[in-house]
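# Examination of the molecular architecture
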Amino acid sequence: MKLKKYITLTRAGIIEALQFRLSFVVMVIGNLLYLIVVYFLWKAIYASAGTDVVNGMTFNDTLIYLVLATALFNFMEMYTVWEIGRNIQSGKIVLDLLKPMEYRKYLFWSYSGTFVTQFFLTFLPTFIVVSVVTHGAVPLGINLLYFVISVVMAVSINYSIDFLVGTICLYTESIWGINIMKQVIVLLLSGATIPLAFFPEPLRSAMYYLPFQSIYNAPLSLLLDGDPQPQTVLTTLGMQAMWCIFMLLLSKGFWKVSLRQITVNGG
Amino acid sequence: MQKKGIRFYLRIYCKILAQDLKSKMSYRADFIISTVGMIFTNISGFVSFWILFRSFPSLNGWSYYEMLFLYGFSLVSITPVQCFFDNNWSLRQNVYSGDFIKYCFRPINLFFYYQSEVFDIKGLGQLAFGIGTLIYAWVKIGLPFSVLMLLKMTVFLLTASLVMIALQNAAAASCFWIENSFYVLDLVCRFKDYAKYPITIFSPVFRFIFTFLMPIAFIAYYPSLVVLRPDAVPLLSWLSPLVGIAFFFVSYKIWMRGAMKYSGTGS
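So, here is what we can say about the structure in this document. (Residues numbered from 1 in each chain as written. Chains lettered and ligands numbered in written order. Predicted model: local features only at pLDDT ≥ 70, side-chain atom pairs only at ≥ 80, totals over all residues. Heavy atoms only, no water.)

## As for the overall build of chain B
Scanning chain B for helices and strands turns up 13 helices and 2 strands. A compact globule built from 267 residues would reach a C-alpha radius of gyration of about 18 Å, and chain B, at 20 Å, matches this within 12%. Counting only C-alpha atoms and orienting by the principal axes, one finds that chain B spans roughly 60 × 40 × 35 Å. By residue count, 50% of the 267 residues in chain B fall in the buried class. A sequence separation of at least 24 residues applies to 77% of the contacts in chain B between residues at least 6 apart. As presented, chain B carries roughly 12,800 Å² of accessible surface, and 69% of it is formed by carbon and sulfur atoms. If the 23 positive side-chain charges of chain B are averaged to one point and the 11 negative ones to another, these points end up 7 Å apart. (Helix = DSSP H or I, 4+ residues; strand = E, 2+ residues; numbered from the N terminus. Rg over C-alpha atoms; globule rule 2.2 N^0.38 Å. Buried < 20%, exposed > 50% of the residue type's maximum accessible area, 1.4 Å probe, protein only. Contact = heavy atoms within 4.5 Å. Areas by Shrake-Rupley, 256 points an atom, 1.4 Å probe, with all protein chains shown as cover. Lys, Arg positive; Asp, Glu negative; His and termini not counted. Charge placed at Lys NZ, Arg CZ, Asp CG, Glu CD.)

Here is the structure:
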């Protein structure tokens, strides 16, 4: 049974995640605060803009976009860089490398339990609340299917980037600096903090050629598009699939090369 | 134990600081990468700010440059917490591993000794960034400049920084009572990002909350009004230095209470 070992890791992850209930409560409070600030900030922005539609997005659109971006962020943040960095520093990585599973896969699957808990505990409730509060401003149709496919690829791209950046820790032994740089770049250029539509023109076009917009912008714009044109859907998903494969190969290759670099203290 | 003067503590601080800098310098790559990471964070914050507000002449009665002033003010006032109190982030690990006990056996103030152990140079980049932004906004708004203004500014900046320090102290001290307190600290750390918005954008309920319950309005909004809008300074602005000092004192007491209660891990 090939799948069984992965499922076991997922189950262990779920059990582990459910142990930390307080962190969950604090996280929910943190998100609520963030959303309150975002709500009032954008309300003020739309009030001073004088029009209902700014850069092709209404206040409702923007709010749904940002709320779901936050929910997606919680869902996708895997702290991979920290995990790899810490494992390198403590030497625990040696034990993980000896496991009869590729390190890249092991790390992913041991985290996958959190995906499950996060999906049911944060993303789904947020999604339902948003749909109810905005009186069905979120279109429920075929776009949900595209969204799910898109999110799966987004998770993969995000993980590949994380793993790639985590691999750099093998060389630098610096975690904080590397991680903060990655986080800042990904959050800004993926459209997680500000919708891509608000970026000034040359910058916006440039961002479509980077992998980051496939993480947040692509799934969210597919979700918010109630009347998807086959062409847009195909381009978006195609672009994601391309980045998915490219980043996967890149991170795998880089890891393979870097593994020869490894020096472990004690362990 | 006789009381020791402020001069004694300053001398000790300089000595510990020198040791800390030496040990940081031995990890040169980490130091450089962390500094670059910090610069990245500031640039991305600035870019987000610029993208959001470039197309609107004003937000809720606040001009672009006034918003920039608030932003610069918040950057400067959160620098001390970054530079001098960064060791709060390690408090949790120290308490769990039992290393914290070593601080309890020194014949100087426990809180002082613990915080003095780490000085975070990265914060200085943020300080330069903040001061630059402040001066730029100051000139653009055409605020008058006098020695008195500068004095006022300095006093209000310093006392405003106490608010964030107090919040962080209290959050870090929560590790003496609860497990997994990283999330509490992380949550409070995110408040820093909300301090830069004028509190008038919020509804009355949240204005109250952000003023009295989670005093983030005292990090930048209230104190900066003294310089920014000298014609109509609300009472709370004049009170903000006292608020800062009071919060700091309370957080110090909480921190010390937790530390005194600490009984080690027995190792």
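## Some details on the interface of chain B and chain A
The interface of chain B with chain A comprises 37 residues on the first partner and 36 residues on the second. Contact with chain A buries area across many residues of chain B, yet Ile33(B), Ile51(B) and Phe56(B) alone supply 17% of it, more than any other trio. Per-element accounting of the side of chain B that touches chain A gives the leading share, 15 residues, to helix α2 (residues 28-53) of chain B. (Buried area = accessible area lost by both parts, 1.4 Å probe.)

## Focus on the side chain of Lys192(B)
All names here are of chain B. Mapped onto the secondary structure, Lys192 falls in helix α10 (residues 182-194). Of the side chains with opposite charge, Asp193 comes closest to the buried, unpaired Lys192, at an N-O distance of 6.7 Å. What Lys192 contacts, discounting residues up to four positions off in sequence, is Ile78, Gln82 and Met164. (Salt bridge = Lys/Arg side-chain N within 4 Å of Asp/Glu carboxyl O.)

## Re a nonpolar patch on the surface
Together, Leu22(A), Val25(A), Ile29(A), Trp177(B), Ile178(B), Phe249(B), Val250(B) and Ile254(B) give the surface a local cluster of nonpolar side chains, amounting to about 680 Å² of exposed area. If you list the elements that add at least two residues to the nonpolar patch, you get α2 (21-49) of chain A together with α13 (235-261) of chain B. Here Ile254(B) shows up in helix α13. When its relative accessible area of 32% is taken as the criterion, Ile254(B) is described as partly exposed. (Patch = residues over 30% accessible without salt bridge, like charges linked within 9 Å, V, L, I, M, F, W, Y side chains within 5 Å.)

## Describing the nonpolar core
Of all hydrophobic cores here, the largest spans 163 residues; its most connected members are Trp42(A), Phe53(B), Phe69(B), Leu91(B), Phe100(B), Phe210(B) and Trp255(B). With residues up to four places along the chain from it excluded, the contact list for Phe100(B) reads Leu91(B), Asn94(B), Val95(B), Leu110(B), Tyr114(B), Phe176(B), Trp255(B), Ala259(B) and Tyr262(B). (Core = buried A, V, L, I, M, F, W, Y, C linked by side-chain atoms within 4.5 Å.)

## As for the pattern of salt bridges
A full pass over the atoms with the stated rule returns 9 salt bridges over all chains. The partner of Arg86(A) in a salt bridge is Glu83(A), and the shortest N-O contact between them spans 3.9 Å. Taken together, the positions of Arg86(A) and Glu83(A), both in helix α4 (residues 80-90) and 3 residues apart, correspond to about one turn of that helix. Given the relative accessible area of 32%, Glu83(A) is considered partly exposed. Here Asp120(B) ties to Lys122(B) by a salt bridge, and the two come within 3.0 Å at their closest N and O atoms. With respect to class, Asp120(B) is no different from Lys122(B); both count as buried. One salt-bridge network, in which partners are shared between bridges, spans Lys92(A), Asp96(A) and Lys99(A).

## A word on the packing of aromatic side chains
Considering all chains together, one arrives at 62 aromatic pairs over all chains under this definition. Ring centres of Tyr9(B) and Phe112(B) lie 4.5 Å apart, and the angle between their planes is 75°; this geometry places the pair in the edge-to-face category. Of this pair, Tyr9(B) sits in helix α1 (residues 6-25) while Phe112(B) sits in helix α7 (residues 110-116), placing them 103 residues apart in sequence. A centroid spacing of 6.2 Å and a plane angle of 80° characterise the contact between Phe46(B) and Phe129(B), whose relative ring orientation is edge-to-face. With a gap of 83 residues between them, Phe46(B) in helix α2 and Phe129(B) in helix α8 (residues 122-141) connect regions that are remote in the sequence. Taking the relative accessible area as the measure of exposure, Phe46(B) reaches 28% and is therefore partly exposed. Note on Phe129(B): relative accessible area 26%, which makes it partly exposed. Sitting over the face of the ring of Phe163(A), Arg104(A) holds its NZ or CZ atom 5.5 Å from the ring centroid. (Phe/Tyr/Trp six-rings, centres within 6.5 Å; stacked < 30°, edge-to-face > 60°. Lys NZ or Arg CZ within 6 Å of the ring centre and 35° of its normal.)

## Quick word on the packing of helix α8 (residues 176-189) of chain A against α2(B)
Where α8(A) contacts α2(B), the two axes come as close as 7 Å, and the packing angle between them is 20°. What the angle tells us is that α8(A) and α2(B) run roughly parallel. Seen along the crossing, α8(A) lies across α2(B) with a hand that is left-handed. Judged by residue contacts, Trp176(A), Gly177(A), Ile178(A), Ile180(A), Met181(A), Val184(A), Ile185(A) and Leu188(A) of α8(A) engage Ile33(B), Ser34(B), Val36(B), Gly37(B), Met38(B), Phe40(B), Thr41(B), Ser44(B), Val47(B) and Ser48(B) from α2(B). Residue composition of the contact of α8(A) with α2(B), by class: 12 nonpolar, 6 polar and no charged. (Axes fitted to C-alpha atoms, helices over the stretch in contact; angles between N-to-C directions. Parallel < 35°, antiparallel > 145°, perpendicular 65-115°, else oblique. Left-handed = near helix turned anticlockwise from the far one by under 90°. Nonpolar A, V, L, I, M, F, W, Y, C, P; charged D, E, K, R; others polar.)

Remember that the coordinates give geometry; whether it matters functionally is a separate question.
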